Amino acid sequence: IASLNNCILDSAYYSVCCISECEGLFLHVEKAIRRPEASPEEISRVVSALPSSTVPGNRTLSNVQLHRLYAIAHGHEGVVPLYGRLFAQWMHH
C-alpha cells in the first residue's frame, strides 16, 4: 500500500486500503533488470513473463505495445528509463 490513494474508507482511527497490483509488477521488473534503464528487448522479455490478475504470464506483447516501448527508447538514446512517466504509462496499457 503506497499511499492513501489506494484507500476507499478513511477515519480518525483506521483506513481501508487495497494493495496496488502495479507496485508488485513494477517491483518484479525492477528486480529482474537491476538497473535504472534497459533496452526494449530486455523489458519486453521480462514483462512478457509477468503474470497478473488479469493476464497470464508467458504472453506475447502486441505490436502496439512493442511500438510504444521502442518509441520511448528512441527518445532516450535507445534505452527505456524505468522510473520515468512514459514507462509507468506503458505498464498500464
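Predicted, not measured: the structure shown is a model, and the values here were computed from it. Numbering of residues begins from 1 in every chain and follows the order in which that chain's sequence is written. For a predicted model such as this one, the threshold for reporting local features is a pLDDT of at least 70, and the threshold for listing and counting side-chain atom pairs is 80 or more; totals across whole chains, interfaces and linings nevertheless cover every residue. The basis for every side-chain value is the complete set of non-hydrogen atoms in the structure, without hydrogens or water.

Focus: the layout of surface pockets
The test is simple: In this analysis a 1.4 Å probe is tested at points of a 1 Å grid over the protein atoms alone, and where it fits but cannot get out there is a cavity; an open set with protein on both sides within 12 Å along at least five of seven lines is a pocket; lining residues have an atom within 4 Å of a point. Grid points are joined across faces, edges and corners, and a volume is the space filled by probe spheres set on the points. Put simply, DSSP H or I for four residues or longer makes a helix, DSSP E for two residues or longer makes a strand, and each gets a number counted from the N terminus. Following the grouping adopted for this structure description, the nonpolar residues are Ala, Val, Leu, Ile, Met, Phe, Trp, Tyr, Cys and Pro, the charged ones are Asp, Glu, Lys and Arg, and the polar ones are all others, Gly among them.
There is about 430 Å³ of room inside the largest pocket. Every residue lining the largest pocket is counted, 20 residues in all, and those nearest its centre are Cys22, Leu25, Trp90, Met91 and His92. By residue number, the principal contributor to the lining of the largest pocket is helix α1 (residues 21-33), which donates five residues. Broken down by class, the residue content of the lining of the largest pocket amounts to twelve nonpolar, five polar and three charged.

What about the pattern of salt bridges?
Basically, it comes down to this: For this document, the term salt bridge refers to a Lys or Arg side-chain nitrogen within 4 Å of an Asp or Glu carboxyl oxygen. Note on exposure labels: buried denotes an accessible area under 20% of the residue type's maximum, exposed denotes more than 50%, and partly exposed covers the range between, all computed with a 1.4 Å probe on protein chains only.
With the rule as written, the count across this model stands at one salt bridge. Two residues, Glu42 and Arg35, come together in a salt bridge whose shortest N-O distance is 2.5 Å. Classification of Arg35 as partly exposed rests on a relative accessible area of 40%.

Some words on the environment of Tyr70
This is how it is decided: By definition in these notes, contact holds between two residues if any of their heavy atoms fall within 4.5 Å. What qualifies as a polar contact is a pair of N or O atoms within 3.5 Å, subject to a donor-acceptor requirement within protein and to the restriction that residues adjacent in sequence count only when both atoms come from side chains.
Relative to the helices and strands, Tyr70 is located in helix α3 (residues 63-74). C-alpha of Tyr70 to C-alpha of Ser44: the two residues are 26 residues apart in sequence and 10.0 Å apart in space. Apart from the residues lying within four places of it in its own chain, the contact partners of Tyr70 are Pro40 and Glu41. In this structure the side chain of Tyr70 is engaged in a polar contact, spanning 2.9 Å, whose partner is the side chain of Glu41.

Focus on the nonpolar core
Keep this limit in mind: Put simply, buried Ala, Val, Leu, Ile, Met, Phe, Trp, Tyr and Cys residues joined by side-chain atoms within 4.5 Å make one nonpolar core.
Ranked by internal contacts, the top residues of the largest apolar core, which has 16 residues, are Val29, Ile33, Ile43, Val47, Val80, Phe87 and Trp90. Listed by contribution, the elements that provide at least two residues to this core are α1, α2 (40-48), α3 and α4 (85-91). Contacts of Val47, omitting those with residues within four sequence positions, involve Val29, Arg59, Leu61, Trp90 and Met91.

Points about the packing of α1 against α2
The description of two helices packed together rests on the angle between their axes and the distance between the axes. This is how it is decided: Axis lines are fitted through C-alpha atoms, for helices just across the contact stretch, and the angle between N-to-C directions can take any value from 0 to 180 degrees. Geometric relationships in this document are graded by angle, where less than 35 degrees denotes roughly parallel, more than 145 denotes roughly antiparallel, 65 to 115 denotes roughly perpendicular, and other angles denote oblique. Working rule for handedness: look at the near helix, and if it is turned counterclockwise from the far one by less than a right angle, call the crossing left-handed; if clockwise, right-handed.
At a minimum axis separation of 10 Å, α1 and α2 run at an interaxial angle of 130°. One way to sum up the angle between α1 and α2 is to call them oblique. Between α1 and α2 lies a crossing of right-handed hand. Note on element contacts: α2 touches α1 through Glu42, Ile43, Val46 and Val47, opposite His28, Val29, Ala32 and Ile33. In the contact of α1 with α2, the residues fall into six nonpolar, one polar and one charged.

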